[in-house]
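# Examining the three-dimensional arrangement
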Amino acid sequence: MAFLFNDFTAEERNLLLAALLHDIGKFWQRTQDEPMRRIVSENYRAFYEARNHSSPGHQDWSAYFCETFVKIREVTNAVINHHGPSERLHYFVSAGDCLSAGERLDIAEEKGGEIRQLVSILSCIELDGLRSKKAYYKKLVPLGEYCVPEEEPSPNPKQGYKELWDAFIKAFNSIQNFDDPVELTKLYSILEEYTFNIPSAYYYSMPDISLWAHLKTAAAIAFALYRELEGKPNQHVISKLDSIIRRPSAVEEDLFCLVKGDISGIQDFVYDTKMDGATKALRGKSFYLSYLMTVIPKYILKKERLPITNLLYSGGGHFYLIMHGRFLQKLDEYQKELDGLFLDAHHGELALLLKGVTLKPADFRVKDGKLPEKFEELGKLLQEEKNRKFYSILKEDQKMVFGPFKEKGEPCPHCGNPVKEDECPFCRSFERLGENLIKKKFLVEEWKEKSERQKGSIEKVEDIFKRLGVSVEFTDEALEKDYSFAVKREEWDFKKCCGYMKIPVGMKLDQKGNIITFDEISDSAKGIKVWGVLRGDVDNLGRIFREGLGQNRSFARIMTLSQEMAQFFGPSLERMLNRLGSCDKSHSYENCAVIYAGGDDFFLVGPWDAMPYVAEEIKKEFYRYTGHNPAITVSMAFDIAPDKKFPLYRVAQTAGENLENAKHFKDPVRKKEKNCFAFAGVPIGWEDFDKFKDVKEKLFKALDELKVSRSLLGIIYRVCREYEVSANEDGKMFRSWRLFYYVARLKERNKKAEDILDKLIYLLIEKGNKLYKYAFQSARWAEFETRK
């Protein structure tokens, strides 16, 4: 929903369109369409000559675009004048443009010579003196066509821009009515899709800010100002905006606030589920949390009469909004309302926490602005708030939180809601939600006005959405007049859909069309028939945002970095898994599923034996995605279920603790921290992973293919214990010769295995009479994989 309220005024519509399209001409210019340049030159000569320019600038191209495709005079005028405002609407667009870019000087791109591509901002991050050796370039493709950045720019960017522009225009032409909020939502999604991977400007030394990040944040700022200055005399508004444009550091008022919403209790909620039907419930619960993090901010924006542009980010169990400064006074009111909803729905198991900090125009400045610090301050406030969950209700009526509560029947052991006929309707609704998400093609939203909102009891997940004013339905057909979103990008029809969902949604179906179970996942594993989990997240994320951006910390640049992270830890992760499954049949990758991915972290389940290989692939892909940047690393933890029926939450919890330990991993030799893979609780630096895997694979080959006696494993375990004892006792020598002796006897009994056993000895006994430090873990891995 680009506009989250139906009764928007013509001025509000014009502001949204002008702010979102004010720089669209930059995109068009880069196609170097000479006939079109002559038309723009002819039609807008008076404008650019008035600016003492000899050729049309991006604002002239943007204005011509609006004149041709939007056909609203006020929008065209605001766009062409956004660098020289003279009317109220122009000033709002201009102020949004300036603060988004951090008050930078605007230089005519048309004088900049050759056209250039967007540089991956991840390849520009520098931390502790580490960074990529060179800049990497984003391919000129739509957002949904995930690609890793390339080492060299395209030899023909003009053609790339032209193909992207043609696709954009085809999609844009599907918009039929700029007074319809559904159609405006389509416009929003189309702009995101086609401007995500192109630079906002390339006259910077490093064009690493995406045009989409600039357009979105400019519109968000413009609308926050519009709401903050609402009701003020026109002259006062223009004077204030003029001050912001000319000298933002002189405007001391808290005109904005940055708001963060964060869900607490995710782990217990998602993973505490009965194992029968667990795959559907897991998918349903993880989707519920992701979707809730868009529905709640939409609910707030709708009530505050702000567009979707002001939802800066949603994912990873939290969201960010940029709002008008006065909104901060309403935050407690929203907190109380959401506390009531979450208590009704989840009885305290889940809580949604809201906090906000004020922002001044000076905070948006590029070099001495405070945006990264404001984001950090917000995070600390929310951390403190986690000790005060439901305080808004507790301070008025403790019985609502602590009871006693009226008995409504036998409570479900997982969610606490009453069980009916041996089934929990609330838990069942999450299974149904997960099944619909996997099997249906479209999600259709119908937003209700305040008077139509449901207030009754909550018996199923859909009732929670209705309390927030939206009815949700999954269908096989998009409903053109409603807010229809394709579940997968492949089903996105510009004419019928408002966009597509950018979260993992897949899970394998069996031959009968049923979603595979944990039993089936376990049975597809090599060796022991159990499932495993993989958790991970980016190391030092806070420092990356706070310090990694260097001196250029503009709002649009911070958003570009955030969006780049979100692109990787979203559907792209699922596609990577599918690609791995199609080209490597050595493990059952097709039975792995991304249960959750958002922000910078993820959670996967699958056959246990596939998990370490999936982890390695994610690490390698992320390294390529960051432009081989050593400053941006990822740590992961893996754990194995003791039994296929073992409670998921116990394994997930252990993997979480192992991931936390991985964050404290230090390699004293290489003087590195984190950046590791925790195998059953033991952190292994990624630099050591190849050898760790190599030892396991040679052991596997010896045991499985060459039928070497499994006593080899017992020998290795015994040697590991002896090595540990010798290391802890002064003067005691490690008797490595015993391993040579045992292996020599094995070689005598199995001549075919001589070569592989020699290689194993070479890997296990290192220089200085030392045992390979992960010999035990490699042997354990091989043991599990070869156990019948």
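Residues numbered from 1 in each chain as written. Predicted model: local features only at pLDDT ≥ 70, side-chain atom pairs only at ≥ 80, totals over all residues. Heavy atoms only, no water.

### A few points about the pattern of salt bridges
For clarity, the threshold we go by: Every case where a carboxyl oxygen of Asp or Glu lies within 4 Å of a side-chain nitrogen of Lys or Arg is listed as a salt bridge. A run of H or I in DSSP counts as a helix once it spans at least four residues, and a run of E counts as a strand once it spans at least two, with each numbered from the N terminus. Whether a residue is buried, partly exposed or exposed follows from its accessible area with a 1.4 Å probe, protein chains only, as a fraction of its type maximum: under 20%, in between, or over 50%, in that order.
Scanning the model with the defined rule gives 68 salt bridges in all. Of the charged contacts, one joins Lys134 and Glu152 as a salt bridge, the two residues approaching to 3.0 Å between their closest N and O atoms. Of the two residues, Lys134 sits in the loop between α7 (88-101) and α8 (157-172) while Glu152 sits in the loop between α7 and α8, which places them 18 residues apart along the sequence. Since its relative accessible area comes to 28%, Lys134 is described here as partly exposed. In this structure, Lys240 and Glu253 form a salt bridge, with 2.1 Å as the shortest nitrogen-oxygen distance.

### Some remarks on unusual backbone geometry
Positive phi outside glycine occurs at Gln32, with the angle close to 50°. At Asn52, a residue that is not glycine, the phi angle is positive and equals roughly 65°. You can see Asn52 is positioned in the loop between α4 (45-50) and α5 (58-70).

### Thoughts on the environment of Arg326
This is how the line gets drawn: In what follows, residue pairs with any heavy atoms lying within 4.5 Å of each other are defined as contacts.
Tracing the backbone shows Arg326 in the loop between β3 (318-324) and α14 (331-346). Along the primary structure Arg326 and Glu228 are separated by 98 residues, whereas in three dimensions their C-alpha atoms are 6.6 Å apart. Leaving out residues up to four positions away in the same chain, Arg326 has contacts with Arg227, Glu228 and Glu230.

### Let's talk about the UniProt feature "domain: GGDEF" (unreviewed entry) in the chain
Inclusion rule: UniProt positions are given in the numbering used here, feature names are shortened, and annotations may be inferred rather than shown by experiment.
The UniProt feature table records "domain: GGDEF" (unreviewed entry) at residues 529-674. For residues 529-674, the end-to-end C-alpha separation is 31 Å, with 45% helix and 22% strand making up the annotated structure.

### Here we look at the packing of helix α10 (residues 211-228) against helix α22 (residues 555-583)
Note the threshold: Only the stretch in contact is used when a helix axis is fitted, and all axes are lines through C-alpha atoms; the angle between N-to-C directions ranges over 0 to 180 degrees. Each angle gets one of four labels, with under 35 degrees taken as roughly parallel, over 145 as roughly antiparallel, 65 to 115 as roughly perpendicular, and the rest as oblique. Should the near helix be turned counterclockwise from the far one by less than a right angle, the crossing is left-handed, whereas a clockwise turn marks it as right-handed.
The contact between α10 and α22 brings their axes to 9 Å, and the two run at 125°. The angle between α10 and α22 places the two elements in the oblique class. Crossing hand, α10 versus α22: right-handed. Residues Trp212, Ala213, His214, Lys216, Thr217 and Ile221 of α10 form the contact with α22, whose participating residues are Phe555, Ala556, Met559, Thr560 and Gln563.

### Considerations on the domain arrangement of the chain
As a reminder, the rule being used: Domain segmentation is taken from an automatic or database assignment of domains. Once two parts are put together, the accessible area they lose, assessed with a 1.4 Å probe and summed over both, is termed the buried area. Two N or O atoms form a polar contact when they lie within 3.5 Å of each other; inside protein one atom must be a possible hydrogen donor and the other a possible acceptor, and for residues adjacent in sequence the pair counts only when both atoms belong to side chains.
Considered domain by domain, the chain is made up of domain 1 (10-246), domain 2 (256-500), domain 3 (518-680) and domain 4 (692-786). One C-alpha centre belongs to domain 1, the other to domain 3; they are set 35 Å apart. Contacts between the two partners involve 35 residues from domain 1 and, on the opposite side, 31 residues from domain 3. Broken down residue by residue, the surface that domain 1 buries against domain 3 is led by Leu122, Leu127 and Tyr146, which jointly contribute 28%. Taken together, the links from domain 1 to domain 3 amount to 3 salt bridges. Here Asp128 ties to Arg543 by a salt bridge, and the two come within 2.7 Å at their closest N and O atoms. At the junction of domain 1 and domain 3, the tally comes to 14 residue pairs in polar contact (both at pLDDT 80 or more). Those elements that place two or more of their residues in the side of domain 1 that touches domain 3 are α7 and α10.

### Regarding the packing of aromatic side chains
Short version of the rule: Here a pair means two rings of Phe, Tyr or Trp (six-membered ring of Trp) with centres within 6.5 Å. Their orientation is stacked below 30 degrees between planes, edge-to-face above 60, and tilted elsewhere.
All chains considered together, the criterion is met by 63 aromatic pairs. Where Phe65 meets Phe69, the ring centres are 4.9 Å apart and the plane angle is 40°; that geometry is what we call tilted. Here Phe65 and its partner Phe69 are both found in helix α5, 4 residues apart, which amounts to about one turn of the helix. With a relative accessible area of 0%, Phe65 lands in the buried category. Relative to Tyr625, the ring of Tyr146 has its centre 5.7 Å away and its plane inclined at 25°; by these criteria the two rings are stacked. One end of the pair, Tyr146, is in the loop between α7 and α8; the other, Tyr625, is in helix α23 (residues 611-625), with 479 residues separating them in the sequence. Neither Tyr146 nor Tyr625 differs from the other in exposure class; each is buried.

### Concerning empty space enclosed by the protein
Filter applied, for reference: Put plainly, a pocket is an open set of points on a 1 Å grid over the protein atoms alone with protein on both sides within 12 Å along at least five of seven lines, a cavity is a set where a 1.4 Å probe fits but cannot get out, and a lining residue has an atom within 4 Å of a point. Grid points are joined across faces, edges and corners, and a volume is the space filled by probe spheres set on the points. Each residue is assigned to one of three groups, with Ala, Val, Leu, Ile, Met, Phe, Trp, Tyr, Cys and Pro labelled nonpolar, Asp, Glu, Lys and Arg labelled charged, and all others, Gly among them, labelled polar.
Evaluated as defined, the whole model comprises 7 cavities of 30 Å³ or more. Of the voids in this model, the largest cavity is the one considered here, and its volume is about 1000 Å³. Among the secondary structure elements, those contributing two or more residues to the lining of the largest cavity are α9 (181-195), α10, α13 (278-303), β2 (311-315), β5 (442-447), α22 and β9 (593-598). Considering each element in turn, the lining of the largest cavity owes the most residues, 8 residues, to α22. Split into classes, the residues belonging to the lining of the largest cavity amount to 23 nonpolar, 15 polar and 6 charged. One number sums up the size of the second largest cavity: a volume of about 60 Å³. Lining the second largest cavity, in full, are Arg283, Ser286, Phe287, Ser290, Leu437, Ile503, Pro504, Ile595, Tyr596 and Ala597.

### Points about the layout of surface pockets
Considering only enclosed or pocket space, the largest pocket measures out at about 1600 Å³ in volume. Every residue lining the largest pocket is counted, 48 residues in all, and those nearest its centre are Lys260, His318, Leu541, Asp600 and Asp601. At 7 residues, the largest contribution of residues to the lining of the largest pocket is made by helix α15 (residues 371-385). Counted by class, the lining of the largest pocket contains 20 nonpolar, 14 polar and 14 charged residues. Taken together, domain 2 (256-500) and domain 3 (518-680) each give at least three residues to the lining of the largest pocket, which thus spans both.

### Quick notes on the sheet that holds strand β6 (residues 470-475)
Stated precisely, the cut-off is as follows: Pairing between strands requires that DSSP locate at least two bridges from one strand to the other.
If you trace the 3 strands from one edge of the open sheet to the other, you get β6-β5-β7, paired in antiparallel fashion. Each edge of the open sheet carries a strand with a single partner, namely β6 and β7 (483-486). Neighbouring strand axes in the sheet, compared pairwise and without regard to direction, differ in orientation by 20° on average. Here 4 bridges tie β5 to β7, and the two strands are oriented antiparallel to one another. From the neighbouring strand, Val444 faces β7, where its bridge partner is Ser484. Against the sheet, α13 touches β5, β6 and β7, its axis set at about 30° to β5.

### Topic: the packing of α13 against helix α18 (residues 425-439)
For the pair α13 and α18, interaxial distance at closest approach is 7 Å and the crossing angle is 85°. Considered as vectors, α13 and α18 are oriented roughly perpendicular to each other. On α18, the residues touching Lys280, Ala281, Arg283, Gly284, Lys285, Phe287 and Tyr288 of α13 are Phe430, Glu431, Leu433, Gly434, Glu435, Leu437 and Ile438.

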